[in-house]
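Structural characterization, general
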Amino acid sequence: MSFSPLAGLRHSGALFAMALDVLRTLPRRPFQVREFIQQAWFIAGVTILPTALVSIPFGAVIALQIGGLTRQLGAQSFSGAASVLAVLREASPIVTALLIAGAGGTAICADLGARKIREEIDAMQVLGIDPIHRLVVPRVLATMLVAVLLNGLVSVVGVAGGYFFNVVLQNGTPGAYLASFTTLAQLSDLWAAEVKALVFGAIAAIVASYKGLTAKGGPKGVGDAVNQSVVITFMLLFVTNFVMTAVYFQLVPQRG
């Protein structure tokens, strides 16, 4: 892959064009229901356990840091509210996105890349079958669905882990921790996190599909495409997260 500015612009334009093709192809019938279910089940299978395991230390670290800070400031009654806010707004969608891109996205890219170097994609085009409609759209929708569900799982596990470490390790008050949940956090924070997870899942699936369908150079080329898809997805996710968070703060009034 060339790293010249012109090549970067060309790849960026091709990626954006593929995203538009996916949007254009979404309402086309017939919808590939079987492929969608298989991909959703597969992506959930490879991501649910790592996501649950990673969300526990995330919630623990957030609880320990916030618990220590609130104790220094004399505001221990707000430790639960601050922990829940941090987990809901930032930790859960970011953890979900990283695991979706690192586990599900790599599997999608490797699968499509293997089909590409075996010339299956070219054979489909010769037969008049659109690879975007047949292969990419079900994977994108499946990844978006799994990302939304995993975000809910990460939120629950992260909050539970934060409660455990705050109450057990930092001698916090269980009643105060639970009572302060709604002090700063609000329902719109959860909806914003779900929207983030939905967008992040779409980005991860589209980038993985693009790199898989453009893979070349044999098995080594597929491996390079998988590595590049992870790096590109991580960069786009952090930029998108910043933009969506800034827009959310402008649109939704925050509790004081």
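Residues numbered from 1 in each chain as written. Predicted model: local features only at pLDDT ≥ 70, side-chain atom pairs only at ≥ 80, totals over all residues. Heavy atoms only, no water.

Where an unreviewed UniProt entry is consulted, the chain appears under the name MlaE family ABC transporter permease, with the organism given as Streptomyces coeruleoprunus.

1. Observations regarding the overall build of the chain
If you tally the helices and strands in the chain, you get nine helices and zero strands. Secondary structure elements in the chain, listed N-terminal to C-terminal, are α-α-α-α-α-α-α-α-α. Buried residues in the chain amount to 46% of all 256 residues. Within the chain, contacts between residues at least 6 apart in sequence are counted, and of these 87% link residues at least 24 apart. A total of about 12800 Å² of accessible surface is found on the chain, and carbon and sulfur atoms cover 72% of it. (Helix = DSSP H or I, 4+ residues; strand = E, 2+ residues; numbered from the N terminus. Buried < 20%, exposed > 50% of the residue type's maximum accessible area, 1.4 Å probe, protein only. Contact = heavy atoms within 4.5 Å. Areas by Shrake-Rupley, 256 points an atom, 1.4 Å probe, with all protein chains shown as cover.)

2. Some remarks on helix α8 (residues 187-213)
Look at α8: 39 Å from first C-alpha to last across 27 residues, which is about the 39 Å you get at 1.5 Å a residue. In terms of residue burial, α8 counts as a mostly covered element, since 20 of its 27 residues are buried. (Expected span 1.5 Å × (residues − 1).)

3. Remarks on the packing of helix α5 (residues 131-169) against α8
Where α5 contacts α8, the two axes come as close as 8 Å, and the packing angle between them is 145°. Regarding α5 and α8, the two cross each other, and that crossing is right-handed. Between α5, through Ile132, Val136, Arg139, Val140, Thr143, Met144, Ala147, Val148, Asn151 and Gly152, and α8, the contact on the second element is made entirely by Ala193, Glu194, Ala197, Leu198, Gly201, Ala202, Ala205, Ile206, Ser209 and Leu213. Taken together, the residues that form the contact of α5 with α8 break down as 13 nonpolar, five polar and two charged. (Axes fitted to C-alpha atoms, helices over the stretch in contact; angles between N-to-C directions. Left-handed = near helix turned anticlockwise from the far one by under 90°. Nonpolar A, V, L, I, M, F, W, Y, C, P; charged D, E, K, R; others polar.)

4. A closer look at the UniProt feature "transmembrane region" (unreviewed entry) in the chain
On the UniProt side, "transmembrane region" (unreviewed entry) is annotated at positions that read residues 41-64, 140-165, 190-210 and 230-251 here. With 100% helix and 0% strand, residues 140-165 has end C-alpha atoms that lie 36 Å from one another. Between the C-alpha atoms that bound residues 230-251 the distance is 31 Å, and the span itself is 100% helix and 0% strand. (UniProt positions renumbered as here; feature names shortened; annotations may be inferred.)

5. Observations regarding the nonpolar core
Ranked by internal contacts, the top residues of the largest apolar core, which has 42 residues, are Ile100, Ile132, Val136, Val140 and Leu213. Of all the elements in the fold, those that place two or more residues in this core are α1 (5-25), α2 (33-73), α3 (79-117), α4 (120-126), α5, α8 and α9 (218-251). When residues in this core are grouped by element, the largest group, eleven residues, is from α8. In this structure, Ile62, Ile66, Val84 and Val87 belong to the second largest nonpolar core, which totals nine residues. (Core = buried A, V, L, I, M, F, W, Y, C linked by side-chain atoms within 4.5 Å.)

6. Section: the pattern of salt bridges
Applying the stated rule across the entire model yields twelve salt bridges. Here glutamate 35 ties to arginine 134 by a salt bridge, and the two come within 3.5 Å at their closest N and O atoms. Taken together, the residues glutamate 35 in helix α2 and arginine 134 in helix α5 connect sequence positions 99 residues apart. Residue glutamate 35 is classed as buried on the basis of its relative accessible area of 10%. A salt bridge links arginine 139 to glutamate 35; the nearest nitrogen and oxygen atoms lie 2.8 Å apart. Here arginine 139, found in helix α5, pairs with glutamate 35, found in helix α2; they are 104 residues apart in sequence, far enough to count as distant. What emerges from the salt-bridge pattern is a single network uniting Glu35, Asp111, Arg115, Arg118, Glu120, Arg134 and Arg139. (Salt bridge = Lys/Arg side-chain N within 4 Å of Asp/Glu carboxyl O.)

7. Topic: the side chain of threonine 233
Secondary-structure assignment places threonine 233 in helix α9. Apart from residues no more than four positions distant in its own chain, threonine 233 is found in contact with Ala101, Ala204 and Val207.

8. Examining the packing of aromatic side chains
Under the criterion given, the structure shown has two aromatic pairs. On the basis of an interplanar angle of 55° and a centroid distance of 5.9 Å, the ring pair of phenylalanine 31 and phenylalanine 36 is categorised as tilted. Judged by relative accessible area, which is 28%, phenylalanine 31 ranks as partly exposed. Centre to centre, the rings of tyrosine 248 and phenylalanine 249 are 6.0 Å apart; their planes meet at 50°, and the pair counts as tilted. Looking at tyrosine 248, the relative accessible area reads 12%, which means it is buried. Classification of phenylalanine 249 as partly exposed rests on a relative accessible area of 39%. (Phe/Tyr/Trp six-rings, centres within 6.5 Å; stacked < 30°, edge-to-face > 60°.)

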